[in-house]
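Reading the structure
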Amino acid sequence: MSTNAEIFARREAAIPRGIGHSTPISAQRALNSEVWDVEGKRYVDFAGGIAVLNTGHCNPHVMAAVREQMERFTHTCFQVLLYEPYVTLAERLNKLAPIDGAVKTAFFTTGAEATENAIKMARAATGRAGVIAFTGGFHGRTALTMTMTGKVFPYKKGFGAALPEVWHVPFPAPQLDVTVEESLKYLGFMFKADIDPARVAAIIIEPVQGEGGFHQAPPELMRALRKICDENGIVLIADEVQTGYGRTGKMFAMEHYDVKPDLICVAKSLAGGFPLSGVIGKAAIMDAADPGGLGGTYAGNPLAVAAANAVLDVFEKDKLVDRANVIGERIVARLKKMQQRNDLLPMAAVRAVGAMIAFDIVKERGGEVPDAEMTKKVTQRATDEGLILLSCGTSFNTIRILVPLTAEDAIIDEGLDKLEIAMSA
Ligand code: PMP
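Considering only enclosed or pocket space, the second largest pocket measures out at about 440 Å³ in volume. Contributing elements (two or more residues each) for the lining of the second largest pocket: α4 (84-96) and β4 (103-108). Sort the elements by how many residues they give to the lining of the second largest pocket and β4 lands first, with 5 residues. Among the residues making up the lining of the second largest pocket, the classes are represented as 12 nonpolar, 5 polar and 3 charged.

Once that is clear, we can look at the packing of aromatic side chains. The description of an aromatic ring pair uses the distance of the two centres, along with the angle that the planes make with each other. For the structure on display, the rule yields 10 aromatic pairs. Aromatic pair Phe134 and Phe171: ring centres 5.9 Å apart, planes at 90 degrees, arrangement edge-to-face. One end of the pair, Phe134, is in strand β5 (residues 130-134); the other, Phe171, is in the loop between β6 (166-169) and α7 (180-193), and 37 residues separate them in sequence. As far as the burial class goes, Phe134 and Phe171 line up, both buried.

Attention shifts here to the pairing of β4. Across the 6 residues of β4, 5 count as buried, placing the element largely inside the fold. Two strands pair when backbone bridges link them, and β4 and strand β12 (residues 277-282) are joined in this way by 6 bridges, in the antiparallel orientation. The residue bridging Phe108 from the neighbouring strand is Ser277, located in β12.

Taken together, the side chains of Asp177, Glu181, Glu182, Glu220 and Glu368 make up a negatively charged region of the molecular surface. Topologically, Glu181 is positioned in helix α7. A residue is classified by how much of its surface remains accessible, and Glu181, at 58% relative accessible area, is exposed.

By domain assignment, the chain separates into domain 1 (4-58 + 319-422) and domain 2 (73-317). For domain 1 versus domain 2, the distance between C-alpha centres works out to 26 Å. Across the boundary between the two partners, domain 1 contributes 31 residues, which contact 34 residues of domain 2. Counting the contacts that link domain 1 with domain 2 gives 1 salt bridge. Arg400 is the partner of Glu211 in a salt bridge, and the nearest nitrogen-oxygen pair spans 3.0 Å. Taken together, the connections running from domain 1 to domain 2 amount to 20 residue pairs in polar contact (both at pLDDT 80 or more).

Moving on to the site of the ligand. In the vicinity of the ligand, the contacting residues are Thr110, Gly111, Ala112, Phe138, His139, Gly140, Glu206, Glu211, Asp239, Val241, Gln242 and Lys268. Separating a nitrogen atom of the ligand from a side-chain N or O atom of Glu211 is a distance of 3.3 Å. Contact distances for the ligand include 3.2 Å between a nitrogen atom and a side-chain N or O atom of Lys268. Here the ligand loses 84% of its free accessible area of 390 Å² to cover by the protein chains. Tallied by class, residues from the shell around the ligand come to 3 nonpolar, 5 polar and 4 charged.

This part takes up the side chain of Asp360. Relative to the helices and strands, Asp360 is located in strand β14 (residues 356-361). Separated by 3.0 Å, the side chains of Asp360 and Arg351 make a polar contact. Excluding residues within four positions of it along the chain, Asp360 makes contact with Gln175, Pro346, Met347, Ala348, Ala349, Arg351, Asn397 and Thr398.

The subject of this paragraph is the side chain of Arg323. If you trace the backbone, Arg323 turns up in helix α11 (residues 320-339). Its relative accessible area of 19% is what places Arg323 among the buried residues. If we ignore the near neighbours within four places in the chain, the residues touching Arg323 are Leu405, Ala407, Glu408, Asp409 and Ile412.

Here we take up unusual backbone geometry. With the exception of glycine, most residues fall at negative phi, and the peptide bonds are largely trans. A cis amide bond links Phe153 to the next residue, Pro154, at an omega of 0 degrees. The topology assignment puts Pro154 in the loop between α6 (143-148) and β6. With a phi angle near 50 degrees, Lys319 is a residue other than glycine that sits in the positive phi range. You can call Lys319 exposed: its relative accessible area is 53%.

All chains considered together, the criterion is met by 24 salt bridges. Between Asp313 and Arg92 there is a salt bridge; the shortest N-O distance is 2.8 Å. Remark: Arg92 occurs in helix α4 and Asp313 occurs in helix α10 (residues 302-318); sequence separation between them is 221 residues. With a relative accessible area of 28%, Asp313 lands in the partly exposed category. Here Asp413 makes a salt bridge to Arg330, at a shortest N to O gap of 2.7 Å. Residue Asp413 is found in helix α13 (residues 409-422), and its partner Arg330 is found in helix α11; the two are separated by 83 residues along the sequence. Sharing partners across several salt bridges, the network here consists of Arg334, Arg341, Asp343, Asp417 and Glu420.

Cut-offs and rules
- The residue numbering used here restarts from 1 in each chain and proceeds along that chain's sequence as written.
- Owing to the predicted nature of the model, reporting of local features is limited to residues with pLDDT of at least 70; listing and counting of side-chain atom pairs is limited to 80 or more, with chain, interface and lining totals taken over all residues.
- Values shown for side chains rest on all heavy atoms present in the structure; no hydrogens or waters enter the calculation.
- Definitions used for this entry: grid spacing 1 Å over protein atoms alone; cavity, a set of points where a 1.4 Å probe fits but cannot get out; pocket, an open set with protein on both sides within 12 Å along at least 5 of 7 lines; lining residue, one with an atom within 4 Å of a point.
- Grid points are joined across faces, edges and corners, and a volume is the space filled by probe spheres set on the points.
- By the criteria applied, helices consist of DSSP H or I runs no shorter than four residues and strands consist of E runs no shorter than two, each listed in order from the N terminus.
- Basically, the charged four are Asp, Glu, Lys and Arg, the nonpolar ten are Ala, Val, Leu, Ile, Met, Phe, Trp, Tyr, Cys and Pro, and anything else, Gly included, counts as polar.
- Centre distance within 6.5 Å is the pairing criterion for rings of Phe, Tyr and Trp, where only the six-membered ring of Trp is used; planes under 30 degrees apart are then read as stacked, over 60 as edge-to-face, and the remainder as tilted.
- Working definition: with a 1.4 Å probe on protein chains only, accessible area under 20% of the residue-type maximum means buried, over 50% means exposed, and in between means partly exposed.
- For two strands to be treated as a pair, DSSP must find at least two bridges joining them.
- Like charges are joined within 9 Å and nonpolar side chains (Val, Leu, Ile, Met, Phe, Trp, Tyr) within 5 Å, but only among residues with over 30% relative accessible area and no salt bridge; these make up the patches.
- Here the Shrake-Rupley method, with its probe set to 1.4 Å, supplies the accessible areas, and only the displayed protein chains count as covering residues.
- For this analysis, a salt bridge means a side-chain nitrogen from Lys or Arg found within 4 Å of a carboxyl oxygen belonging to Asp or Glu.
- The charged-residue count follows a simple rule in which Lys and Arg add positive charge and Asp and Glu add negative charge, with His and chain termini not counted at all.
- All charge positions are set by atom: Lys at NZ, Arg at CZ, Asp at CG, Glu at CD.
- Domain boundaries shown here were taken from an automatic or database domain assignment.
- Should any heavy atoms of two residues lie within 4.5 Å, those residues are counted as being in contact.
- By the criterion applied in these results, polar contacts are pairs of N or O atoms within 3.5 Å in which, for protein atoms, one can donate a hydrogen and the other can accept it, and in which residues neighboring in sequence qualify only through two side-chain atoms.
- Any residue with a heavy atom lying within 4 Å of a molecule or strand is counted as near it.

Right, here's the structure in full:
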């Protein structure tokens with residue numbers, strides 16, 4: 001059996017460096033919130049494959065559903081032969097999503113495909129091209145979604161001209177030193193200087209920015225965006241690829257607001273580790289594209305769809321939305337205690353929406369200057385301690401916790417013990 005180092009060396013020779021790595025670990029097997037590497041070392045998983053494993057690694061219910069589907073068929077291409085579980089999943093999501101009126105759902109494979117298709121639908125429905133996104137937002141790595149992503153390094157650097165008709169507004173958050181008023185004022189300037197609102201097809205926003213640092217969009221912002229969209233015939237798209245599916249203590253993060261979006265993008269935890277994404281939205285917008293304009297060879301793959309139906313069953317059966325809130329409170333209480341300790345690195349802005357939990361590492365206690373170098377060290381130390389931990393944020397100094405919602409309290413506490421060691425000053 002090869003070691004982690006041997007596999008990593010082969011990876012470096014065979015695979016481009018543009019595909020980054022947050023750890024040098026090579027996985028051997030995984031179960032719920034634990035992972036074992038090729039050398040037999042065990043890890044507590046606070047990353048969940050970047051928000052994909054809300055139902056845990058190899059959830060038995062999900063695995064059984066996939067096995068059962070695998071025995072029947074693994075692929076037809078939905079555009080060639082349809083299959084009932086795809087239709088059932090769409091019906092279930094249409095009922096669950098916080099969207100008014102008649103709702104339809106289309107499935108794709110990756111998060112980027114979901115956000116890109118949402119824009120295509122909005123453009124087809126409005127006959128307009130303009131897209132407004134937010135600084136620090138992440139929507140994918142394809143040409144259009146990379147343009148919508150509001151972070152230059154590493155997502156845009158070296159990849160040539162951005163696509164036209166995409167504009168960014170500063171995302172408001174205390175840690176980013178931007179208020180809702182400033183954000184909206186900037187949008188107003190943009191409508192005067194750059195693009196007539198009558199030419200804007202869509203505004204796309206993450207209700208809680210994921211890669212951007214776990215900042216929640218304030219309710220006043222969401223309300224104002226809804227109003228601007230209504231007044232100008234613009235489609236409001238919620239990118240719930242990272243927040244989706246119970247992570248924030250509601251099934252959809254948009255349920256935290258008193259306004260509703262027109263389209264919702266989902267992916268990641270939708271299918272518990274199988275590649276599946278979707279756009280859920282108002283039927284009139286979803287139906288604007290002509291037959292053949294949407295889809296993809298693997299879009300809505302039968303194995304992934306079987307997994308996704310099982311994921312919904314697990315959510316209902318195990319009451320995972322409630323569990324997200326319990327996990328969030330447990331972890332935040334511990335992080336707040338850690339924040340008081342002088343023998344640990346200075347922590348700032350402990351925050352959580354349900355179990356979407358983060359804090360910043362700063363240079364001085366009580367200060368705000370980001371410490372990106374130390375943050376990287378903490379994730380490396382965590383790996384040594386047997387904890388898989390991710391960072392994020394526009395200043396690269398945010399530690400985020402995305403532990404599976406099926407994790408037992410004892411495992412969560414063990415992970416936090418390891419985090420404490422990794423955070424020692
Ligand atoms: N939107 C958001 C909010 C995301 O967090 C991500 C992935 N981090 C994406 C879109 C893109 O998803 P994928 O990597 O599956 O293309």
